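Architecture at a glance
Read off the chains here:
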Amino acid sequence: MFRFPIIDWHYRWQRPQHLSTKWAEDGHRVFYFTMQTKTIKQEDATFSDIASAMEVNPLGNHIWSVTLCSHKPVDPYHSVISHPLDYQYMLWSIQALKSYFNIRQTLSVIDLPYWYQLVQHFDRTSNKILYDCMDDLSGFGGVSPKILELEDELAEKADAVTVTSRVLMHNRKKQNENVFYLPNACEYSFFSKAPDTLAPELALLQKPIIGFYGAISNWFDGNLINQLAERNPDWQFVLVGHYYRELVEAFDSRSNILLLGEKPYSDLPKYLYAFDVCLIPFKQNTLTTATNPVKAYEYLCSGKPVVSTKLPELEALSSHIYLAEGVREFESAILKGLHESGKEARLRQEFAASNTWDERYAELKAIVSAVLYPKVSVVIPVFNQWSLTEGCLKSLLNSSGQHHVEIIVVDNASTDGTRQALATLQHPAVQVVSLTTNRGYAGAVNIGCQLATGEYLVLLNNDTLVPQGWLDRLIRPLREQEEIGIVGPMSNQIGNEQKLDFFASGDTQAWNEKWLDLFYAVNKGSLRDTDRLAFFCVAMRREVFDRIGDLDSRFTVGMFEDDDYCERIAREGYRLVIAEDAFVYHHGSATFKSMNQEQWQQIFNRNKSHFEKKWNRSWKPYPWPENIFDTASNGREAAEIVRASGLRCSIVAGKPDWTESPAHWKKLVRTLLDEGHLVIVYATSFCNQAIQGFKRIGPHLYLTNESDWIATIKHSVPEVAWIEPQ
């Protein structure tokens, strides 16, 4: 979790730190950014320079503070990012952080809209945005109008918005349908226990003590306190917290007003338990009308009487807090608090005990799970091949991010020990169904889907492995476009247009991480319509499956049930798309490889015949992967293809292995792609795997080792740009 805060970690312990701590205690890594940056005056600093200068320091278990780099000093409260190098250095800092900690999936919680300037550039398939709206920022003095404009954009574009008050709820509901009321809370175990000793400054004070702690700023009603002190000289008013001198000058003549300044969070109970009555003396204005004071919950932990200005958000607490307007009502309420019978204290503490940060985190986690990461049911039909199933399950459990995933394994009466191995699985996310007879692929899938409870269904072969980020990329099109009925990923081995034109395997795992990073970057958000998807891995909304119905189990064992289902989906008016930025590794037809050729051919012919009779048409073989240079047999023909593309073409001379090319070279390529260029990179290998011919890496990006062809393209198409990065 990336926390882009409104206050520094060590400033005043409030909502951002409390909830961040709860995230960390729940096992998540939390990176809390500092409000100020480290300035790098060099205008030619490299990515490596920024990565070395960025500061990361541990704050506790699973929590780190992060200081980003910028070119100039920044002012998050009053201005926006304006210098291009500030953007560059700050984004490079985040890129370096993600690389160092191997971070692929993030939840960015934004407290101050200033940070949206950076977060809006994150890959939305691997990053979710939650705006934690705590105040009406227009009520603060000096907030830049541009920051307020950014807030509106953030509120609209965030995946979800949490608000601390009903006033904020009403305002933000106009901008985003996913707005949730999440009021403040308290650390009950800390504030409900009386300290061994009280604050020494208060030891000799005359009783009663009427106390307040918190910031004494523009929203604090100093005139009210001054009048109360004047009218009640026997009451001692103790004010704990940072204050601005001009706001408290009138207190100089009051011997019964004591200003103690800012105190550590850890010492607050020493003051709280010395108070006889606790105050929230706020002015009524735009800011306070929308506020939900944390101190109200903390005060109640002690059982002490609390008197507050009438604020909308505290009206729901009126059975535990005295609400007042003006000096006379405050005075009357304080007197009532001083003469209570004692039973009220227990009720206040009971209320506080049910409004803890643990409770709020549980509510927040439920929001995140339901809205940002909805429940997904992954159905895996298996028959024998336990080693493949085991690998598939391990990758699934390690790579599903924040999603609430249920995995339903349907065993088709395996005979090789798979059944026994599945019986030993002890994981709350995995449900095993053991069939006594082999129902075939379609039959097993139908049983699994009938048991599934997720909003989304994923049908996944057991001979697959999934990387980090696969699930978000696979279901993103379904969440964003209702007309899409079913989605499939790209893969290294599959017999249709979902097959990658170039794939790089890794030394210690199935895929090379550097290749995967480039694959994600250049294919970001890319979708391609198709008329058929291979069911080694597909995703659909539950409602689509319910509308289309079960897979046709008359396609025995397997083959053609996927073609049939795609036909049915298309006839209902849905689109079928390939998510070109989603990747799933496929060992490839593990079940059919165990058959001899004659068995395979018999099943193929039988199921093909059933498909053709059912739809009264001939079956068409699958199209192959898209590569515009596939038809070229020489440089002249390649040049003609470039000319016919209608795109501006740039040829980039890379290092022999493109993996070793400097970061700014790769950034240049991505910039050219973003500008709509056809980009051809000359390289002989990528991730230490040889490149032969023209290999499509992503839309409009090709790697090639054909130097003669490139020379012909340069000569034949004069408008082609030849780029040799320095």
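Here we summarise the structure given alongside this text.

Judged by nonpolar contacts, the single largest core of 72 residues is most densely connected at Phe2, Phe4, Phe33, Leu97, Leu107 and Trp115. Ranked by residues supplied to this core, first place goes to helix H3 (residues 84-100) with seven residues. Dropping the residues within four chain positions of it, Phe4 is found in contact with Phe33, Ile94, Ser108, Val109, Ile110, Asp111, Leu112, Trp115, Val119 and Phe122. Ile447, Ala510, Trp515 and Cys687 belong to the second largest nonpolar core, which has 60 residues in total.

Turning next to unusual backbone geometry. Here Lys207 and Pro208 are connected by a cis peptide whose omega angle stands at 0°. Topologically, Pro208 is positioned in the loop between helix H7 (188-191) and strand E11 (209-213). One non-glycine residue, Gln385, lies in positive phi territory at about 55°. By secondary structure assignment, the location of Gln385 is in the loop between strand E17 (376-382) and helix H16 (386-399).

Within this structure, the stated rule accounts for 51 salt bridges. Across the salt bridge formed by Asp132 and Arg15, the nearest N and O atoms sit 2.9 Å from each other. Separated by 117 residues along the polypeptide, Asp132 in strand E8 (residues 127-133) and Arg15 in helix H1 (residues 15-25) bring together distant segments of the chain. Like Arg15, Asp132 is buried. Note that Lys614 and Asp564 form a salt bridge whose closest N and O atoms lie 2.9 Å from each other. Of this pair, Lys614 sits in helix H24 (residues 597-615) while Asp564 is found in helix H22 (residues 561-571), placing the two residues 50 residues apart along the sequence. The class of Lys614 is partly exposed, set by a relative accessible area of 31%. Beyond isolated ion pairs, a larger network of salt bridges with shared partners links Glu497, Arg528, Glu580, Glu626 and Arg696.

Here we take up the sheet that holds strand E15 (residues 306-309). Pairing within the open sheet is parallel, and its six strands lie in the order E13-E12-E11-E14-E15-E16. Edge positions in the sheet fall to strand E13 (257-261) and strand E16 (322-324), since each of these pairs with one other strand and no more. Here the strands of the sheet are splayed against their neighbours by 25° on average, with no regard to which way each runs.

Pairing is mixed in the open sheet, where five strands are placed in the order E31-E32-E28-E27-E33. The open sheet is flanked by strand E31 (694-698) and strand E33 (721-723), the only strands paired with a single partner. The mean inter-strand angle of the sheet, taken between neighbouring strand axes irrespective of direction, is 25°. Pairing between E31 and strand E32 (residues 701-704): four bridges, direction antiparallel. Bridge pairing links Lys695 to Leu703 in E32. Here helix H27 (residues 707-716) sits on the sheet in contact with strand E27 (649-653), strand E28 (678-682), E31, E32 and E33, set at roughly 140° to E28.

Our next topic: the side chain of Arg104. Topologically, Arg104 is positioned in the loop between H3 and strand E7 (106-110). The class for Arg104 is buried, based on a relative accessible area of 16%. Among the polar contacts made by the side chain of Arg104, one reaches the side chain of Asp517 at a distance of 2.9 Å. Leaving out residues up to four positions away in the same chain, Arg104 has contacts with Ser126, Gln468, Glu513, Asp517 and Tyr520.

Glancing now at the side chain of Asp463. Here Asp463 lies in the loop between strand E20 (456-460) and strand E21 (464-465). For Asp463, the side chain forms a polar contact with the side chain of His586, separated by 3.2 Å.

Right, let's get into the environment of Asn127. Following the sequence through the fold, Asn127 ends up in strand E8. Sequence-wise, Asn127 and Leu107 are 20 residues apart; in three dimensions their C-alpha atoms are separated by 5.6 Å. Within the structure, the side chain of Asn127 is placed 2.8 Å from the side chain of Ser108, a separation counted as a polar contact.

With that out of the way, let us pick up the environment of Arg124. When you line up the elements, Arg124 lands in the loop between helix H4 (116-119) and E8. Arg124 gets classed as partly exposed once you look at its relative accessible area, which sits at 29%. Residues Arg124 and Asp159, spaced 35 residues apart in sequence, show a C-alpha to C-alpha distance of 9.6 Å. The contact partners of Arg124, leaving out residues within four places of it in the chain, are Ile129, Lys157, Ala158 and Asp159. Polar side-chain contacts of Arg124 include one of 3.1 Å to the backbone oxygen of Lys157.

Relative to each other, helix H12 (residues 294-301) and helix H14 (residues 343-353) sit at 130°, their axes nearing to 7 Å. The pairing of H12 with H14 is recorded here as oblique in orientation. Between H12 and H14 lies a crossing whose hand is left-handed. Where H12 abuts H14, its residues Tyr297, Leu300 and Cys301 lie against Arg348, Gln349, Phe351 and Ala352. In terms of residue class, the contact of H12 with H14 is built from five nonpolar, one polar and one charged.

Here the focus is the pairing of strand E19 (residues 430-434). Summarising the sheet, strand E18 (residues 405-411) and E19 pair through five bridges and their orientation is parallel. The residue of E19 that forms the bridge with Ile407 is Val430. Between the parallel elements E18 and E19, the chain passes through helix H17 (residues 418-423) in a crossover that is right-handed.

So, about the pairing of strand E24 (residues 537-541). In terms of residue burial, E24 counts as a mostly covered element, since five of its five residues are buried. Neither face of E24 is left uncovered, since the one carrying Cys537, Ala539 and Arg541 and the one carrying Val538 and Met540 both have all their residues buried. As judged from the five bridges shared by E20 and E24, these two strands associate in the antiparallel manner. Following the sheet pairing, Leu457 is matched in E24 by Met540.

Turning next to the packing of aromatic side chains. Each aromatic ring pair is summarised here by two numbers: the centre-to-centre distance and the angle between the ring planes. A complete count under the given rule lists 45 aromatic pairs for this structure. With centroids separated by 4.4 Å and ring planes inclined at 5°, the aromatic side chains of Phe4 and Phe33 adopt a geometry described as stacked. Here the residue Phe4 occupies a position in strand E1 (residues 2-4), and Phe33 occupies one in strand E2 (residues 30-33), the gap between them amounting to 29 residues. A residue is classified by how much of its surface remains accessible, and Phe4, at 0% relative accessible area, is buried. Their ring planes at 25° and their centres at 5.7 Å tell us that Phe503 and Phe583 sit as a pair that is stacked. Taken together, the positions of Phe503 in the loop between strand E22 (484-490) and helix H20 (513-522) and Phe583 in strand E25 (residues 575-583) put the pair 80 residues apart, joining distant regions of the chain. As far as the burial class goes, Phe503 and Phe583 line up, both buried.

Thresholds applied
- Residues numbered from 1 in each chain as written.
- Predicted model: local features only at pLDDT ≥ 70, side-chain atom pairs only at ≥ 80, totals over all residues.
- Heavy atoms only, no water.
- Core = buried A, V, L, I, M, F, W, Y, C linked by side-chain atoms within 4.5 Å.
- Buried < 20%, exposed > 50% of the residue type's maximum accessible area, 1.4 Å probe, protein only.
- Helix = DSSP H or I, 4+ residues; strand = E, 2+ residues; numbered from the N terminus.
- Contact = heavy atoms within 4.5 Å.
- Salt bridge = Lys/Arg side-chain N within 4 Å of Asp/Glu carboxyl O.
- Pairing = 2+ DSSP bridges.
- Axes fitted to C-alpha atoms, helices over the stretch in contact; angles between N-to-C directions.
- Polar contact = N/O pair within 3.5 Å; in protein donor to acceptor, adjacent residues only side chain to side chain.
- Parallel < 35°, antiparallel > 145°, perpendicular 65-115°, else oblique.
- Left-handed = near helix turned anticlockwise from the far one by under 90°.
- Nonpolar A, V, L, I, M, F, W, Y, C, P; charged D, E, K, R; others polar.
- Right-handed = clockwise from strand over helix to strand, strands pointing away.
- Phe/Tyr/Trp six-rings, centres within 6.5 Å; stacked < 30°, edge-to-face > 60°.

Any functional reading would require information that these geometric values do not contain.
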